[in-house]
Amino acid sequence: MQCENNYCIYWESGHCILDELSLDFQGRCQECVYVPIDDDILQHAKQKILGVYESEFE
């Protein structure tokens, strides 16, 4: 199955590597498991991309 959630541990090159999966009533994968990201790394990345957006849309 195609998948766009590259933060899920089952994502690989645009596809889910599971043989079977379940979707909820909104079509979201119930097997999705997110890769844990250290809060310091996440905050740094958010600030970096926010700076990019602010400079592009001034």
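The structure under discussion appears in the preceding block.
Residues numbered from 1 in each chain as written. Predicted model: local features only at pLDDT ≥ 70, side-chain atom pairs only at ≥ 80, totals over all residues. Heavy atoms only, no water.

Participant: Sorry, what's going on with the environment of Ala 45 here?
Facilitator: Relative to the assigned elements, Ala 45 resides in helix H1 (residues 39–56). Counting along the chain gives 18 residues from Ala 45 to Gly 27, while the straight-line C-alpha distance between them is 29 Å. (Helix = DSSP H or I, 4+ residues; strand = E, 2+ residues; numbered from the N terminus.)

Participant: Before we go on, may I ask you to explain the layout of surface pockets in this structure?
Facilitator: One simple way to see leftover space: roll a probe sized like a water molecule over the atoms. There is about 250 Å³ of room inside the largest pocket. Taken together, 16 residues make up the lining of the largest pocket; nearest its centre are Cys 3, Asn 5, Leu 23, Arg 28 and Cys 29. In terms of residue class, the lining of the largest pocket is built from 12 nonpolar, three polar and one charged. (1 Å grid on protein atoms, 1.4 Å probe; cavity = no way out; pocket = protein on both sides within 12 Å on 5 of 7 lines; lining within 4 Å. Points joined across faces, edges and corners; volume = space filled by probe spheres on them. Nonpolar A, V, L, I, M, F, W, Y, C, P; charged D, E, K, R; others polar.)

Participant: I tried to follow H1 on my own but got confused; where do I start?
Facilitator: The α-helix advances 3.6 residues per turn, and as a result positions three or four apart in sequence lie on the same side. End to end, H1 covers 26 Å across 18 residues, agreeing with the expected 26 Å (1.5 Å per residue, within 8%). At the N-terminal end of H1, a side-chain oxygen is found 3.0 Å from the backbone nitrogen of Asp 40, two or three residues along, and the residue is Asp 38. (Expected span 1.5 Å × (residues − 1). Polar contact = N/O pair within 3.5 Å; in protein donor to acceptor, adjacent residues only side chain to side chain.)

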